[in-house]
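One-letter residues, chain by chain:
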Amino acid sequence: MKNKHIALCVTGGIAAYKAAALASMLKKAGAHVHVCMTKNACEFITPLTFETLSANRVITDTFSREAPYEVDHVSLAKQADLVVVAPATANIIGKAANGIADDFVSTLLLAARCKVVFAPAMNTAMLHHPAVQENMQTLAGRGCAFISSQAGMLACGDVGDGRMAEPEEIFSYLDRALSAKKDMQGVRVLVTAGPTREKIDDVRYLTNRSSGKMGYALAEAAAERGAQVTLVSGASLPAPEHVQVIPVVSAQDMYEACMQALPQVDLVVKAAAVADYTPKHKLSGKMKKGGDLALELVRTPDILKAIGQQKQGQVLVGFAAEAADLEKNALAKIKSKNLDLIAANDISRSDIGFGSENNAMTLYFADGSRKELPLAPKKEIADLILSEAMALVQKRH
Ligand code: CTP
């Protein structure tokens, strides 16, 4: 955050007063804060408040002749390390999505080449209107980030979604975004995530309790560090930014997607919980019940093993979910699947694993060494696994 240039765009909503707290936090953290306000924002809070907090001139319109020449929209767009729009009204989101530039803030958004972060604030009905949702999707597709609004009492008296995230939450998001290491630039990564679903008939399937959160955390963390990420997923979580998601259903689908991607990647991280068995006969329609039923199952392809056999220089990271004999089984899997590293999970612990936000793992390396990753949010665990994998990628090149 220190010495970073942050353009804080304030648009016309009652949450504009919270942007003052954000400006103050950014300034205290050592950032150069450049506040730009729309005409409507100035109705809610005065530029003087922001000028005092940021110790910088506040920009309120494109044609102001009082501002020194260097602070026009293009030079600020070039100078900014990050642009944050807080609060972001439906109007500014609509303008940004459609390339409309009719005041300083919208012009800056069009000229900015750095990361742009929106903290939406509006009435619930407006937030859920398809026009606003589509505009947000369009911007997210171009790499903009959205800090979700919260549910609560709104200024209009309604209770629902649309209250701007608290300044502390916005600040910590910006802090993370600005401090992200870019040590994976140019590295191509294949991540698998989630469960697979093995069809019994058109309405029933066999699956497992994997939520996909660990795999998504890995994909997101790798993308933030500059990697080019393909995520083959059996889960239905929202796609992380800048990640190419290939949705799959069965183990066979996942096998095919992975084998196709393999020649183009440098690192494979197989966090998916792949079904080991699939029904031998998949029925069409809905099976009618009768007496007791024995389902005949056949083995699915072991994707990790197949990658281990076919890899040509790629670093291969496997996962092991074990209820007992963690070390023995993890080491056996490194050998039998030709892995460089295995991240082993003790699924008998109730505080980690399936569906949880946190995880704790032991990493075992092909050279016999090991490393403990103590209990931490899945995103932090993901970053630690990637750092170990990156050390192996760098060694190989
Ligand atoms: N895996 C895979 N294809 C399968 C089964 C598992 O690619 N058909 C991968 C998983 O993505 C994971 C690793 O193998 O990275 C270990 O999965 P796990 O379920 O712990 O072990 P299995 O290899 O299935 O062995 P076992 O069930 O005997 O523990």
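A quick note: this is a predicted structure, and the numbers were derived from the prediction, not measured.

About the cut-offs
- Residues numbered from 1 in each chain as written.
- Predicted model: local features only at pLDDT ≥ 70, side-chain atom pairs only at ≥ 80, totals over all residues.
- Heavy atoms only, no water.
- Helix = DSSP H or I, 4+ residues; strand = E, 2+ residues; numbered from the N terminus.
- Buried < 20%, exposed > 50% of the residue type's maximum accessible area, 1.4 Å probe, protein only.
- Contact = heavy atoms within 4.5 Å.
- Pairing = 2+ DSSP bridges.
- Axes fitted to C-alpha atoms, helices over the stretch in contact; angles between N-to-C directions.
- Near = heavy atom within 4 Å.
- Polar contact = N/O pair within 3.5 Å; in protein donor to acceptor, adjacent residues only side chain to side chain.
- Areas by Shrake-Rupley, 256 points an atom, 1.4 Å probe, with all protein chains shown as cover.
- 1 Å grid on protein atoms, 1.4 Å probe; cavity = no way out; pocket = protein on both sides within 12 Å on 5 of 7 lines; lining within 4 Å.
- Sits in = over half its atoms within 2 Å of the grid points.
- Disulfide = S-S within 2.5 Å.
- Parallel < 35°, antiparallel > 145°, perpendicular 65-115°, else oblique.
- Left-handed = near helix turned anticlockwise from the far one by under 90°.
- Patch = residues over 30% accessible without salt bridge, like charges linked within 9 Å, V, L, I, M, F, W, Y side chains within 5 Å.
- Salt bridge = Lys/Arg side-chain N within 4 Å of Asp/Glu carboxyl O.
- Core = buried A, V, L, I, M, F, W, Y, C linked by side-chain atoms within 4.5 Å.
- Points joined across faces, edges and corners; volume = space filled by probe spheres on them.
- Nonpolar A, V, L, I, M, F, W, Y, C, P; charged D, E, K, R; others polar.
- Phe/Tyr/Trp six-rings, centres within 6.5 Å; stacked < 30°, edge-to-face > 60°.
- Lys NZ or Arg CZ within 6 Å of the ring centre and 35° of its normal.

(A) Quick peek at the overall build of the chain. Tallying secondary structure elements over the chain gives 14 helices and 19 strands in all. Oriented by its inertia axes, the alpha-carbon framework of the chain measures out at about 75 × 55 × 35 Å. Classification of the 397 residues of the chain by burial places 49% in the buried group. Here the analysis covers contacts within the chain between residues at least 6 apart in sequence; of these, 66% occur between residues at least 24 apart.

(B) Expanded view of the sheet that holds strand β18 (residues 358-365). The eight strands lie next to each other as β12-β11-β8-β13-β16-β17-β18-β19, forming an open sheet whose pairing is mixed. The open sheet terminates on both sides in strands that have one partner only, identified here as β12 (243-247) and β19 (370-377). With direction set aside, neighbouring strand axes in the sheet form an average angle of 20°. Relative to strand β11 (residues 228-233), strand β8 (residues 188-193) runs parallel, the two sharing six bridges. Opposite A193, over in β11, you have S233 as the bridge partner. The strands touched by helix α12 (residues 303-310) are β13 (267-270) and β16 (315-322); relative to β16, the strand with the most contacts, the crossing angle is about 155°.

(C) The site of the ligand, seen in detail. Around the ligand sit 16 residues in total, of which K270, A272, L304, F319 and K337 are the nearest. L304 is positioned with one of its backbone polar atoms (N or O) 2.8 Å from an oxygen atom of the ligand. A total of 560 Å² of accessible area belongs to the ligand in isolation, and the protein chains cover 76% of it. When atom positions are compared with the pocket grids, the ligand is found to occupy the second largest pocket.

(D) Quick peek at the state of the cysteines. Applying the stated criterion to the full structure yields zero disulfides. No disulfide involves C42; its sulfur sits 11 Å from that of C36, the nearest cysteine.

(E) Layout of the packing of helix α1 (residues 16-28) against helix α9 (residues 167-179). Close contact between α1 and α9 brings their axes to 9 Å; oriented N to C, the two are set at 40°. Taken together, the axis directions place α1 and α9 in an arrangement best described as oblique. As for the relative orientation of α1 and α9, their crossing is right-handed in sense. Facing α1, whose interface residues are K18, A21, L22, M25 and L26, α9 presents P167, E168, I170, F171 and L174.

(F) A look at a nonpolar patch on the surface. There is a patch of nonpolar side chains on the surface, built from Y277, L293, L295 and L297 and spanning about 390 Å² of accessible area. Here L297 lies in strand β15 (residues 297-299). By relative accessible area, which is 37% here, L297 ends up partly exposed.

(G) Region of interest: the nonpolar core. Residues L218, L267, V317, F319 and I385 are the most contacted members of the largest nonpolar core, which totals 39 residues. Leaving out residues up to four positions away in the same chain, L218 has contacts with V191, V269, A271, F319, A382, I385 and L386.

(H) Structural detail: the layout of surface pockets. A volume near 800 Å³ is recorded for the second largest pocket. Looking at the second largest pocket, it is lined by 35 residues, and the ones nearest its centre are A272, A273, V274, F319 and A321. A per-class count over the lining of the second largest pocket returns 16 nonpolar, eleven polar and eight charged.

(I) Spotlight on the pattern of salt bridges. In the structure shown here, the tally under the stated rule is 20 salt bridges. For D102, the salt bridge identified is with K95, shortest N-O distance 2.7 Å. You can call K95 buried: its relative accessible area is 10%. A salt bridge links K379 to E220; its shortest N-O distance comes to 3.5 Å. Placement of K379 in helix α14 (residues 378-396) and of E220 in helix α10 (residues 213-224) is noted, with a sequence separation of 159 residues between them.

(J) Geometry of the pairing of strand β2 (residues 32-37). Most of β2 is tucked away: five of the six residues are buried. Relative to β2, strand β1 (residues 5-10) runs parallel, the two sharing six bridges. From the neighbouring strand, L8 faces β2, where its bridge partner is V35.

(K) A look at the packing of aromatic side chains. Here the structure, examined in full by the defined rule, presents one aromatic pair. When the centroid spacing of 5.1 Å and the interplanar angle of 15° are considered together, the rings of F118 and F146 count as stacked. Taken as a pair, F118 in strand β4 (residues 115-120) and F146 in strand β5 (residues 145-146) lie far apart in primary sequence, 28 residues in all. On the basis of relative accessible area, F118 is assigned to the buried category, the value being 1%. R197 extends its terminal NZ or CZ atom over the ring of Y205, reaching a point 5.0 Å from the ring centre. In this arrangement the basic side chain of R299 is found over the ring face of Y277, its NZ or CZ atom lying 5.8 Å from the centre.

(L) Representation of the sheet that holds β2. One open sheet accounts for five strands, arranged β2-β1-β3-β4-β5; its pairing is parallel. Every other strand in the sheet has two partners, leaving β2 and β5 as the edge strands with one partner each. Along the sheet, helix α3 (residues 47-54) makes contact with β1 and β2, crossing β2 at roughly 175°.

(M) Helix α5 (residues 90-98), seen in detail. Of all nine residues making up α5, seven are buried, and the element is well covered by its neighbours. Of all the positions in α5, only A90, I92, I93, G94, K95, A96 and A97 are classed as buried. At its buried positions, α5 is contacted by β3 (82-88), α6 (104-111), β4, α7 (124-128), α8 (130-141) and β5. Where α5 terminates, the next one or two residues include G99, which has phi positive at roughly 70°.

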